[in-house]
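Report on the structure
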Amino acid sequence: MRTADPDDRTAAPPPVLLDVRTPAEFAGGHIDGALHLPLDQLQHAAPRLLPDLAQPLIVYCASGARSAFACAVLSQMGYRQAMNGGAMAQLATGLQRPLRAG
């Protein structure tokens, strides 16, 4: 069995946690380390903030509805690994990541 080599350049990059909620929702609390990109700015800002179309993305919102829509938009834009992470609280628990305010 092969172990992970930190110098292995072919290893898949870690997924980016992408929060598509409003600025007020994000300020009220978000998953630690998440990138904030509100749904209404997704098509405009994603190419600049997420230039690698092969980068794995885990998209989340409050309930999973906006993140599902965001994944569809990202797919249409050429992103090949956008996954709906669903609701923030459940995703944070599943990933064992803390929530941060601010």
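Computed from a predicted structure; not experimentally measured. (Residues numbered from 1 in each chain as written. Predicted model: local features only at pLDDT ≥ 70, side-chain atom pairs only at ≥ 80, totals over all residues. Heavy atoms only, no water.)

What follows is about the sheet that holds strand β4 (residues 57-61). One open sheet accounts for 4 strands, arranged β3-β1-β4-β5; its pairing is parallel. Looking at which strands have only one partner, the edges of the open sheet turn out to be β3 (35-36) and β5 (82-87). Seen against the sheet, helix α3 (residues 65-76) touches β1 (16-19), β4 and β5 and runs at an angle of roughly 145° to β4. Against the sheet, helix α4 (residues 88-95) engages β1, β4 and β5, with an angle of about 110° to β5. (Pairing = 2+ DSSP bridges. Helix = DSSP H or I, 4+ residues; strand = E, 2+ residues; numbered from the N terminus. Contact = heavy atoms within 4.5 Å. Axes fitted to C-alpha atoms, helices over the stretch in contact; angles between N-to-C directions.)

Moving on to the side chain of S67. Note that S67 resides in helix α3. Looking at S67, the relative accessible area reads 0%, which means it is buried. Those residues within four positions of S67 in sequence are excluded, and the remaining contacts are V20, V59, Y60, C61, N84 and G86. (Buried < 20%, exposed > 50% of the residue type's maximum accessible area, 1.4 Å probe, protein only.)

Okay, the side chain of R21 next. Relative to the elements of secondary structure, R21 occurs in the loop between β1 and α1 (23-28). Within the local environment of R21, its side chain forms a polar contact with the backbone oxygen of G29, the two atoms lying 2.5 Å apart. Once residues within four sequence positions are removed from consideration, R21 is found in contact with F26, G29, H30, H36, P38, Y60, C61, A62, R66 and M88. (Polar contact = N/O pair within 3.5 Å; in protein donor to acceptor, adjacent residues only side chain to side chain.)

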